[in-house]
Structure formats: structure tokens, C-alpha cells
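Secondary and tertiary structure notes
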Amino acid sequence: MISQSLAINSFQPSRRTLMGPGPSDVSNRVLDAMARPTLGHLDPEFISMMNETKELLQYVFQTKNDWTFAVSAPGSAGMECCFANMVEPGDKVIVCQNGVFGGRMRENVERCGGIPIMVTDPWGCPVDPEKVEAALKDHPDTSLVAFVHAETSTGVRSDAERLTQLAHDFGCLVIVDSVTGLVGSPLLVDDWKIDAIYSGTQKCLSAPPGLSPISFNDAAAAKIRSRKSKVQSWFLDLNLIMGYWGGDTKRSYHHTAPVNCLYGLHESLIIVNEEGLEAGWARHQDNHAYLKAGLKDLGIEFLVDESFRLPQLNSVIIPDGVDDAVVRSRLLEEFSLEIGAGLGELAGKVWRIGLMGHSSNTKNVDYCLSALKFILKEVS
Ligand SMILES: *Cc1c(COP(=O)(O)O)cnc(C)c1O
């Protein structure tokens, strides 16, 4: 036993309202699912649940890709899985950066021995297809284009369909980050012909953090199968992981799946399926509009132009003279409400109000608006 004088009790977290950039609120249905008995990860019951999870993931990604599953680690691992498998040493990769996550893509390319060619746009703006086209013309030996569909650091949606089409016109494959996009905004992996895509459970799926849904089409799988060098990461090597998640063949041990986390993902996907993807997209849009109307009454403006704004991640400009940290800590302490801070060059300038998945409802919007109104009156 550790020192008798130290009383460490079971952890009892507060019940928060999570309206930041993720994690979003997790429903009791999902939490209850995770509390069910742990099974062996090769138990036939568990495997049939995995098969259902795969089918449900294909639905939310709108794909028939066989290589669709959840990486056993958070969104960042899904990112790493895409890059580690798709990038070979010496590969030229056009990386579009219009916020934090494009910078992480660059890191990934470099660590895989690839050569990043950066196409940058200002924070708060979408990726500019014309700049991407110019980069593709300047670097005809490029093999991949990587971009973020939904930039959580700014609340911007880029045109994933158009960027993918452009990349294909120049014989490149795409890697798409839709960690925040999936389920919150229209995303059609097969129609848009996206080659490799990763997401996360903790944003609009409203399952706890710790898993990364991912999908690869045949062209991406072919590129991975024909690699000249081994994937540098053993854990993320899809050639090995697919022995566990793949097909109908007998599953072999690769790593122990995070069994109870997958129960949570399974339940969250059932919830999305019950609502229907289109209805969910519309709900995210409606609650964004409702928040926008309320913020207007408070005199608070949006950072991002309406035409490419994400309904699930609202970057709003902190009013002049208001102390960012004071307001956010009072929201947490007095209202048990979490909203997000600005990142990078937007730190101290914006708040990021998430309306993701289960958190996207009118009750949360009302609660956030009245809490903000109360605190802003006191501090200004
Ligand atoms: C949250 C996020 C990630 C990383 O996901 P984690 O679950 O935090 O590892 C990557 N990309 C984007 C756009 C995100 O919003």
C-alpha cells in the first residue's frame, strides 16, 4: 500500500457540459455500453460486434471500402497511420496548411522520410484550390496531397471534393483529415473518391477519445501493398493490422483491441444511424444558426466567413477588453461548462464553441449563451 496518510479515493469527475473542440459530451447510452463485461478480443461475440462496427463506419464515411476500421488510439494515431502507410522515403507530398493540423501533417511527412511541399493559407480561410493546382504544376513528381477537411483550430471547412479531384487530375492520391468533419458536415468518401481518410471518436461521434476511425480505398491499399520499404511503425502497419480487422478470414492476434472503448464506438454509431446522417448534418447546421442568432444579441462576431464555416466548431471573436482566461475559467467553475481557447496565432483572440454530436442541441446553446451573458456583464 502507498503511504497511509494519503487517502486516494475512486475518481468522481464532475458532470460538465463539453462545448469545446473535443471531447464532446458522451451520452449515457454510450457510457453504459462501455461499462458492459469485457470480452476476449478474439471471442466470437466480440468479433461479430467488430463486424457491425465496420459496417456502421462504412455508413458514416459513406464508403464501401473494405479497409475501414478504427485504429486503437486517438485521432492523432489515425493521422500517423495514414502517413506511415502511404508515404515512402523520398515521396513528395503537398501539404496544405491553414491551421494547426496541417502543421502536424508536415511533421508526419518529414518523419516518414517524405518531402513536404507546403501550400499555406491564412488561419480562418479554407485551403485555396488554385494554390494547390499551382503547386501540383510546379512539382509534377508529387505523389500525395494532404489536407484538413474541417480545421478545428479555426472552424473552417475546405472543399474536400474539389481538392481530391484536383489531386487526381495530377495523378496524386489524397490523405484527408476529417477528425472534426465526420458526422458533423457532409462527407462522402466514395462519391468524392477520397483515397485515405482518418477521423476521431471524440468529436461529432460523441464517443470518448481513444479511437480513430479510418478508411482506405483500393488505390490507397494498392499503394500500401506495393511499398518498397516496410512501414516504419510496427503498430500502425496496415499490412499487419488488416490480419485482425480485415475480411472474413480467421483473425489473428496483432494487439489487444481496446474492447470496452469499441463498445462505446459501436453504440455511438448506432445512435448516428438511428438519427440518419443527413438529419444529423441538418441538426448541426440548425444549432449553429441558433447559436449565431444568440451571439448576435450579445454583440459577438464570428471569425470565419459564413460560406466555409463549420457548424460544429464556432470560432468567435472575444470582445475587446475581455480577459479570455478569466471568462473560460469562470464558465468552468461556475457553470461546469467548457468552451475552447484559441490556438496558435488565435490564442487570446477567439473562443471555440463546439456543437459536436451529442453536444449539438438547443439546450446547450441556451445554456452557453446565458452563462456567457452573465459573465460578460460582470467582467465588462
Ligand atoms: C482533434 C483533432 C485531431 C487529433 O485528434 P486526437 O483525438 O486529439 O488525437 C486531428 N485533427 C483534427 C482536425 C482534430 O480536430
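Residues numbered from 1 in each chain as written. Predicted model: local features only at pLDDT ≥ 70, side-chain atom pairs only at ≥ 80, totals over all residues. Heavy atoms only, no water.

With respect to the packing of aromatic side chains
Definition in use: Only centres within 6.5 Å qualify two rings of Phe, Tyr or Trp (six-membered ring in Trp) as a pair; their planes then separate them into stacked at under 30 degrees, edge-to-face at over 60, and tilted for everything else. Helix and strand assignments follow DSSP, with helices taken as H or I runs no shorter than four residues and strands as E runs no shorter than two, numbered in order from the N terminus. Three exposure classes are used, based on accessible area relative to the maximum for each residue type with a 1.4 Å probe and protein chains only: buried under 20%, partly exposed in between, and exposed over 50%. We call a charge positioned over a ring when the NZ of a Lys or the CZ of an Arg lies within 6 Å of the ring centre and within 35 degrees of the ring normal.
Enumeration over the complete set of coordinates arrives at 5 aromatic pairs. Here the aromatic rings of Phe335 and Phe374 are separated by 5.8 Å at their centres, their planes lie at 70°, and the arrangement is edge-to-face. Here Phe374 lies in helix α12 (residues 362–379) and Phe335 lies in helix α11 (residues 324–335), a separation of 39 residues in the sequence. What makes Phe335 buried here is its relative accessible area of 18%. One aromatic cluster is present, formed by Phe335, Tyr367 and Phe374 through successive ring pairs. One Lys or Arg, Arg309, reaches over the ring of Phe302 and ends 4.0 Å from the middle of that ring.

Observations concerning the layout of surface pockets
As a reminder, the rule being used: Think of a 1 Å grid over just the protein atoms. A cavity is a set of points where a 1.4 Å probe fits yet cannot get out, a pocket is an open set with protein on both sides within 12 Å along at least five of seven lines, and lining residues have an atom within 4 Å of a point. Grid points are joined across faces, edges and corners, and a volume is the space filled by probe spheres set on the points. Under the scheme applied here, ten amino acids are nonpolar (Ala, Val, Leu, Ile, Met, Phe, Trp, Tyr, Cys and Pro), four are charged (Asp, Glu, Lys and Arg), and all others, including Gly, are polar.
The volume enclosed by the largest pocket comes to roughly 400 Å³. Along the walls of the largest pocket sit 14 residues, with Arg15, Arg16, Asp25, Val26 and Leu31 positioned nearest its centre. A class-by-class count of the residues in the lining of the largest pocket yields 4 nonpolar, 7 polar and 3 charged.

Description of the site of the ligand
Short version of the rule: Throughout, near means a residue has at least one heavy atom within 4 Å of the molecule or strand. Here a polar contact means two N or O atoms within 3.5 Å. Within protein one must be a hydrogen donor candidate and the other an acceptor candidate, and residues neighboring in sequence count only if both atoms are side-chain atoms. Computed with the Shrake-Rupley method and a 1.4 Å probe, the accessible areas treat only the protein chains shown as cover for residues.
Contacts to the ligand come from Pro74, Gly75, Ser76, Phe101, Ala150, Thr152, Asp177, Val179, Thr180, Gln202 and Lys203. The side chain of Ser76 places a nitrogen or oxygen atom 2.5 Å from an oxygen atom of the ligand. The separation between an oxygen atom of the ligand and a polar side-chain atom of Thr180 is 3.2 Å. Notes on the ligand: free accessible area 380 Å², of which the protein chains cover 89%. Class assignment of the residues belonging to the shell around the ligand gives a composition of 4 nonpolar, 5 polar and 2 charged.

A word on the sheet that holds strand β13 (residues 350–354)
Selection rule: A pair of strands is considered paired only if DSSP assigns at least 2 bridges between the two. The angle between two axes is taken between their N-to-C directions and runs from 0 to 180 degrees, where each axis is a line fitted to C-alpha atoms and a helix contributes only its stretch in contact.
The 4 strands lie next to each other as β1-β12-β13-β11, forming an open sheet whose pairing is mixed. Of all strands in the sheet, those bounded by a partner on one side alone are β1 (17–19) and β11 (313–317). For this sheet the average axis-to-axis angle between neighbouring strands, irrespective of direction, equals 30°. The pairing of β1 with strand β12 (residues 337–341) spans 3 bridges and is classified as parallel. Considered in β12, the bridge of Met19 is made with Ile339.

A word on the domain arrangement of the protein chain
As a reminder, the rule being used: Throughout, the edges of the domains are those of an automatic or database domain assignment. We call two residues in contact whenever any of their non-hydrogen atoms come within 4.5 Å of each other. Put simply, buried area is how much 1.4 Å-probe accessible surface two parts lose in total, over both of them, once they are put together. What makes a salt bridge here is a side-chain nitrogen of Lys or Arg within 4 Å of a carboxyl oxygen of Asp or Glu, nothing more.
Annotation of the protein chain at the domain level lists domain 1 (17–23 + 277–379) and domain 2 (28–272). Between the C-alpha centres of domain 1 and domain 2 there is a distance of 27 Å. Contacts between the two partners involve 26 residues from domain 1 and, on the opposite side, 30 residues from domain 2. Both faces combined, the contact of domain 1 with domain 2 buries some 2200 Å², and carbon together with sulfur accounts for 63% of it. For domain 1, the biggest contributors to the area lost against domain 2 are Leu277, Trp281 and Phe308; these three give 31% of the whole. The interface formed by domain 1 and domain 2 holds 0 salt bridges in total. In this assembly, domain 1 and domain 2 are joined by 11 residue pairs in polar contact (both at pLDDT 80 or more). Going through the elements one at a time, α10 (277–297) and β11 are the ones with two or more residues in the side of domain 1 that touches domain 2. Considering every element that reaches the side of domain 1 that touches domain 2, the biggest residue donor is α10, with 4 residues. Its residues assigned to classes, the side of domain 1 that touches domain 2 comprises 13 nonpolar, 10 polar and 3 charged.

A few points about the pattern of salt bridges
Where side chains of opposite charge bring their charged atoms close, a pairing between them can arise. With the rule as written, the count across this model stands at 15 salt bridges. Residue Asp91 pairs with Lys223 through a salt bridge whose shortest N-O separation is 3.1 Å. Placement of Asp91 in the loop between α3 (75–86) and β3 (92–97) and of Lys223 in helix α7 (residues 218–225) is noted, with a sequence separation of 132 residues between them. For Asp91, a relative accessible area of 14% translates into the label buried. Where Glu306 meets Lys292, a salt bridge forms, and the shortest distance between an N and an O atom there is 3.1 Å. With Glu306 in the loop between α10 and β11 and Lys292 in helix α10, this pair connects stretches of sequence that are 14 residues apart. Exposure remark for Lys292: the relative accessible area of 28% places this residue in the partly exposed category. A network of salt bridges, in which partner residues are shared, links Arg29, Glu267 and Glu274.

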